[in-house]
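One-letter residues, chain by chain:
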Amino acid sequence: MLQINQIYINGQFVTPHGEERFDLFNPATAEPIAQVRLADEHDAISAISAAKQAFPEFSRTPKATRVIYLKRMHAAVASVEAELTAAIILEYGAPLSRAQWMAKHAASVLLDAANVLDDYAFTRRIGIAEVTLQPLGVAGLITPWNSNAGFICGKLAAALAAGCTAVIKPSEMSALQTSIVTRALHEAGLPPGVFNIVTGRGETVGAVLSTHPDIAKVSFTGSTAVGKQILRAGAETLKRITLELGGKSPVLILEDADLASAVPMAIQAGFMNSGQACIAGTRILVPAHRLAEVEALMVEAVAKVQAGDPNDPATSVGPMVSLKQWQRVQRYIHIGMEEGARLLVGGPGLPEGVTTGWFVKPTVFSRVSNQMTIAREEIFGPVLSIITYSDEEEALAIANDTAYGLQAYILSSDLPKAHALATRIEAGRVLINTLAHEPRAPFGGFKQSGIGRECGTFGLEAFLEPKSVLS
Ligand code: NAD
């Protein structure tokens, strides 16, 4: 079985001090595929020390040098796109088209950051002050398993663009992707210590990053529960903290929407990344008097959703990443049934014809109340809830009645009305009749979906601190 035995510190591939072995599985077959040797606290401290040593010189590099570095990193990651796509399918189970997008995205975020940096003015005059944006110091970057390569590259790109150095703690469940990305980034030839990659557990390596006094900034993507722990842990040293957390995004299908296109789009928003997406549109809000129409279209559209072998180009819902995640999703399907929601399509167990792997039936509940557990908690699987409303005021109230606020979707043929509603939705992003991404616009959550923003200039400034010099 493939062994991943090295981490990356101070520009070198080294054997971790940590000795724990962690199994990686193919979620489509539930078979073990590789073993990773995990870093421990000792390794995390070595990585922080390397990044600290590299900071003074790197923080003073001219902007143009960092643009060149980012472009070299982009080219290096782009050159392993095919290998990365295969690893994403094997280790994570993303369907082919999604995996291809993810691998491309991992490279493109580096180029996006180079372009943002190129256009960014670090110094500006405000009254009698010269205000300079300075890099914060060593950044600790922590990623989840649902888009590990993309988050490694995106967070690193913003940190390095700002002039910070970094220690990355990728998800321990994504070590194949991490090893490919690490090799590529090494080829880009940055000075030693500027970035360090230590795969280990959250409770060990992650905990060191969120408490160590030499870490100035933590950028974390993951669950809300862990995000809160990191915020508490970082308080002692007043770390600057960006948190990209969970969601329970509403999809508002308005009265005037063309249901024939709105329903398939709602399904795509809900089942994206096999439902394992923080931005998944999991609460579908429909006018009460159009419920029967929506239900009929929903059943028809979900019947066309292929759940199964992620290598099959026709598949749009792959397996859950782990047995634990599969069990979690099954538990929520049972809770939905017990709480009295109407199971419209899908349900517990494996999809028809599937006998192995951590697959879930694409599932839609109807007649869900917004107070039910399945409407309140993030399930992180292909399980959607249809909730009815009587008028737009009620739709808005339901949309905002959640602890989360990451993203919302409005499907309508009346654009001015949709835009007016968007201003009243409590979410970091509102998508009107689209599922597109805009990498230059800020991304992040209101309320318990997070703190701070990533992407574009806002993402760059999350690694900077303003200094005013008055004369
Ligand atoms: P998770 O919170 O379990 O783990 C995320 C990372 O944090 C992992 O690398 C893990 O090892 C580490 N970690 C765990 N405990 C830690 C601790 N005590 N201190 C420091 N680090 C620790 O999340 P996950 O299961 O990997 O990912 C799924 C979650 O991520 C979902 O809730 C999803 O909504 C969220 N997510 C959010 C976004 C966003 O941009 N808002 C994007 C993707 C995923």
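The sections below set out a description of the structure shown in this document. Source: prediction; values computed, not measured.

Note: α-helices contain 3.6 residues per turn, so residues at a spacing of three or four share the same orientation. Those residues of helix H13 (residues 392-400) not exposed but buried are Ala-395, Leu-396, Ile-398, Ala-399 and Asn-400. If you follow the buried residues of H13, they end up packed against strand E13 (249-253), strand E14 (281-287), strand E17 (383-389) and helix H14 (415-422).

Let us now look at the site of the ligand. Taken together, 28 residues sit near the ligand, with Thr-143, Glu-172, Ser-223, Leu-245 and Glu-378 positioned nearest. A distance of 2.7 Å separates a nitrogen atom of the ligand from a polar atom in the backbone of Leu-245. Relative to its unbound accessible surface of 850 Å², the ligand loses 89% to contact with the protein. If you list the elements that add at least two residues to the shell around the ligand, you get helix H7 (202-211), strand E11 (215-221) and helix H8 (224-235). Here the residues of the shell around the ligand are counted per class, giving 14 nonpolar, 10 polar and 4 charged. Residue assignment places the shell around the ligand across two domains, with domain 1 (2-245 + 447-470) and domain 2 (250-432) each supplying three or more.

Now for the sheet that holds strand E7 (residues 129-135). An order of E6-E7-E21 is seen for the 3 strands of this open sheet, with the pairing classed as antiparallel. Strands at the two margins of the open sheet, each flanked by one partner only, are strand E6 (123-126) and strand E21 (464-470). For this sheet, the mean inter-axis angle between neighbouring strands, taken without regard to orientation, is 30°. Where E6 lies against E7, 4 bridges are found, and the strand directions are antiparallel.

Along E11, 6 of the 7 residues are buried, which leaves the element largely enclosed by surrounding structure. For strand E8 (residues 138-142) and E11, the ladder comprises 5 bridges, and the chain directions are parallel. Along E11, the bridge assignment pairs Ile-142 with Phe-220. One ladder, built from 5 bridges, connects E11 with strand E12 (residues 240-244); its direction is parallel. Opposite Lys-217, over in E12, you have Arg-240 as the bridge partner. This β-α-β element, E11 to H8 to E12, shows right-handed connectivity.

Time to look at the sheet that holds strand E5 (residues 31-37). Pairing in this open sheet of 3 strands is mixed, and the strands run E1-E5-E4 from one edge to the other. Every interior strand has two partners, whereas the edge strands, strand E1 (2-4) and strand E4 (21-26), have only one. Taking the axes of each pair of neighbouring strands and ignoring which way they run, one obtains an average angle of 30° across the sheet. In the sheet, E4 pairs with E5 via 6 bridges, with the strands oriented antiparallel. Bridging across to E5, Arg-21 finds its partner in Arg-37. Its contacts with the sheet place helix H3 (residues 81-92) against E4 and E5, and it is angled at close to 100° to E4.

Attention now goes to helix H4 (residues 96-119). Here H4 spans 35 Å end to end across 24 residues, near enough to the 34 Å set by a 1.5 Å rise per residue. The largest bend along H4 measures about 30° and falls at Ala-106. Of all the residues in H4, the buried ones are Ala-99, Met-102, Ala-103, His-105, Ala-106, Ala-107, Val-109, Leu-110, Ala-113, Ala-114, Val-116 and Leu-117. Buried residues along H4 sit against helix H2 (63-78), H3, helix H5 (148-162) and helix H15 (456-461).

Okay, the nonpolar core next. One finds Leu-24, Leu-70, Met-73, Leu-156 and Phe-463 to be the most contacted residues of the largest nonpolar core, which totals 71 residues. Excluding residues within four positions of it along the chain, Leu-70 makes contact with Leu-110, Ala-113, Ala-114, Leu-117, Ala-157 and Ala-161. Residues Val-251, Ile-267, Met-272 and Val-294 belong to the second largest nonpolar core, which totals 35 residues.

In total, this model carries 7 aromatic pairs according to the counting rule given. Considering the side-chain rings of Phe-58 and Tyr-69, the 6.2 Å spacing of their centres and the 20° angle between planes classify their relative orientation as stacked. Taken as a pair, Phe-58 in helix H1 (residues 41-59) and Tyr-69 in helix H2 lie far apart in primary sequence, 11 residues in all. Here Phe-58 and Tyr-69 have matching classes, each one buried. Plain terms: the ring middles of Tyr-120 and Phe-122 are 4.9 Å apart, the flat faces sit at 85° to each other, and that makes the pair edge-to-face. The buried category is assigned to Phe-122, whose relative accessible area is 15%.

What counts and how
The residue numbering used here restarts from 1 in each chain and proceeds along that chain's sequence as written. Only residues with pLDDT of at least 70 get local features here, since the model is predicted, and only at 80 or more are side-chain atom pairs given and counted; chain-wide, interface and lining totals rely on the full set of residues. Excluding hydrogens and water, the side-chain figures rest on all heavy atoms present in the structure. Partly exposed describes any residue whose relative accessible area lies between the buried limit of under 20% and the exposed limit of over 50%, with all areas from a 1.4 Å probe on protein chains only and scaled to the type maximum. In DSSP terms, a helix is any run of H or I states spanning at least four residues, a strand is any run of E spanning at least two, and both are numbered starting from the N terminus. In what follows, residue pairs with any heavy atoms lying within 4.5 Å of each other are defined as contacts. Put simply, a residue is near a molecule or strand once any heavy atom of it comes within 4 Å of that molecule or strand. We call two N or O atoms a polar contact when they sit within 3.5 Å, provided that within protein one can donate a hydrogen and the other can accept it, with sequence-adjacent residues counted only if both atoms are side-chain atoms. Here the Shrake-Rupley method, with its probe set to 1.4 Å, supplies the accessible areas, and only the displayed protein chains count as covering residues. Note on residue categories: nonpolar means Ala, Val, Leu, Ile, Met, Phe, Trp, Tyr, Cys or Pro, charged means Asp, Glu, Lys or Arg, and polar means any other residue, Gly included. Note: domain ranges come from an automatic or database domain assignment. Paired strands, in this sense, are two strands between which DSSP finds at least two bridges. Angles here are taken between N-to-C directions and fall from 0 to 180 degrees, while the axes themselves are lines fitted to C-alpha atoms, restricted in helices to the stretch in contact. Whether a crossover is right-handed depends on one test, that the path from the first strand over the helix to the second runs clockwise when the strands point away from the viewer. For a helix, the expected span equals 1.5 Å multiplied by the number of residues minus one. Bend at a residue means the angle formed by two fitted axes: the first through the 7 residues ending at that position, the second through the 7 residues beginning there. Put simply, buried Ala, Val, Leu, Ile, Met, Phe, Trp, Tyr and Cys residues joined by side-chain atoms within 4.5 Å make one nonpolar core. For Phe, Tyr and Trp, where Trp contributes only its six-membered ring, two rings pair if their centres lie within 6.5 Å, and the inter-plane angle classes them as stacked under 30 degrees, edge-to-face over 60, or tilted in between.

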